[in-house]
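Residue-level structure breakdown
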Amino acid sequence: WMGLVSEALDEDDYALAQKAAEKGEAAALRRKDPALLEQAKSLKEQARTLLKEFKAVEDSFRRLKEAPEDPAASEAVGRFLCFTRELWSRGLPFLSRAADPALQAAAQADLAAAPAAGDLWWDWAEKQGAKTVREAARLRAAGSYERALSGLLEPERVRAEKRMKTVYDATGGGPPGNLAAAKAGASITGGIAPGVLIDGVVTGHTGSTGFAYAAFP
């Protein structure tokens, strides 16, 4: 059932994900497995929350089928995918067409891997009232700074490093990468998945047990 929940989430079928999680909870109760029950309850709550969030932007998904360039719909869908689902590769193209000019500029710079992406994300984040959105944008800024760091001049590099430290200290993690994961105290176990990059900042992953499954240097 956990696989079904994951597949349903990947296909944006949040109603099915919730039903599958509920069945998983019932199965865990029958098995009297506390650990499995806790995981099932967590997945059910996550699926319920995502279904609620999705319903708020469902019309925007439909609108984009008729008008793919619609700025308001693009922003709503992009925000959902990036800040709620943390699916940045899917969400960034939508945000690059957002109605908010500053958000659009940050997403476009991010897609182009431009050195300015870090500052654009940071400046946009500072104007956001929602804590989860602000923190997600700051984390994205930190990743952009990390990629651009070697090419920055001294004043910009120092500012970028200070901002990165602020973000990573707050999240309890570190910069992306396998070595960063080791420094952050990540536990590596389970099967090997070649080519998978472990992130030093691990938050919001569906079904996460706190362990990373991948090849480790």
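Note: the structure precedes this text.
Here's what I pulled together on the structure shown here. Computed from a predicted model, the values in this text were never measured in an experiment. Throughout this description, residue numbers start from 1 for each chain and increase along the sequence as written. For a predicted model such as this one, the threshold for reporting local features is a pLDDT of at least 70, and the threshold for listing and counting side-chain atom pairs is 80 or more; totals across whole chains, interfaces and linings nevertheless cover every residue. The side-chain quantities take in all heavy atoms of the structure and omit both hydrogens and water.

Bringing unusual backbone geometry into the picture now. For residues other than glycine, phi is negative in most cases, and the peptide bonds are mostly trans. In this model, D12 sits at a positive phi of 60°, which is unusual for a non-glycine residue. Strands here mean DSSP runs of E at least two residues long; helices mean DSSP runs of H or I at least four residues long; both are numbered from the N terminus. Within the secondary structure layout, D12 lies in the loop between α1 (2-10) and α2 (14-31). The phi dihedral of E86 is positive, around 60°, even though this residue is not glycine. Its location among the elements puts E86 in the loop between α4 (71-84) and α5 (88-95).

This brings us to the nonpolar core. The nonpolar core is taken to be a set of buried Ala, Val, Leu, Ile, Met, Phe, Trp, Tyr and Cys residues, with the residues joined through side-chain atoms within 4.5 Å. Here's how the labels work: a residue is buried when its accessible area is under 20% of the maximum for its type, exposed when over 50%, partly exposed in between, all with a 1.4 Å probe on protein chains only. F83, L95, W121 and W124 are the most contacted members of the largest nonpolar core, which totals 24 residues. Residue assignment for this core shows that the elements contributing at least two residues are α4, α5, α6 (101-111), α7 (117-125), α8 (131-148) and α9 (154-171). Among the elements that make up this core, the one with the highest residue count is α8 (6 residues). Listed in part, the 20 residues of the second largest apolar core include A20, A21, L64 and A76.

Only Phe, Tyr and Trp rings are paired, with Trp represented by its six-membered ring, and only when their centres lie within 6.5 Å; those with planes under 30 degrees apart are stacked, over 60 edge-to-face, the remainder tilted. Scanning the entire structure with this criterion turns up 9 aromatic pairs. Arranged with centres 6.2 Å apart and planes meeting at 85°, the rings of F61 and F80 form a pair that is edge-to-face. Of this pair, F61 sits in helix α3 (residues 34-66) while F80 sits in helix α4; the two residues are 19 residues apart in sequence, bridging distant segments of the chain. Like F80, F61 is buried. When the ring of F83 is compared with that of W124, the centres are 5.6 Å apart and the planes differ by 10°; the resulting orientation is stacked.

Quick look at α7 now. The set of residues buried in α7 consists of A117, G118, W121, W122, W124 and A125. Buried residues along α7 cover an arc of 165° about the axis, so they all sit on one side. The elements touched by buried residues of α7 are α4, α5, α6, α8 and α9. Think of it as the arc spanned by the lines of direction from the helix axis to the C-beta atoms. A contact between two residues is defined here by any heavy atoms of the two lying within 4.5 Å.

On to the pattern of salt bridges, then. When the charged atoms of two side chains lie near each other, side chains of opposite charge can form a pair. Put simply, a salt bridge is a Lys or Arg side-chain nitrogen that is within 4 Å of an Asp or Glu carboxyl oxygen. For the structure shown, the criterion picks out 19 salt bridges. Between R63 and E66 there is a salt bridge, and its shortest N-O distance comes to 3.8 Å. Taken together, the residues R63 and E66, both in helix α3 and 3 residues apart, mark about one turn of the helix. Here D119 and R163 are joined by a salt bridge, their closest N and O atoms 3.2 Å apart. One end of the pair, D119, is in helix α7; the other, R163, is in helix α9, with 44 residues separating them in the sequence. Among the residues examined, D119 registers a relative accessible area of 24% and is labelled partly exposed.

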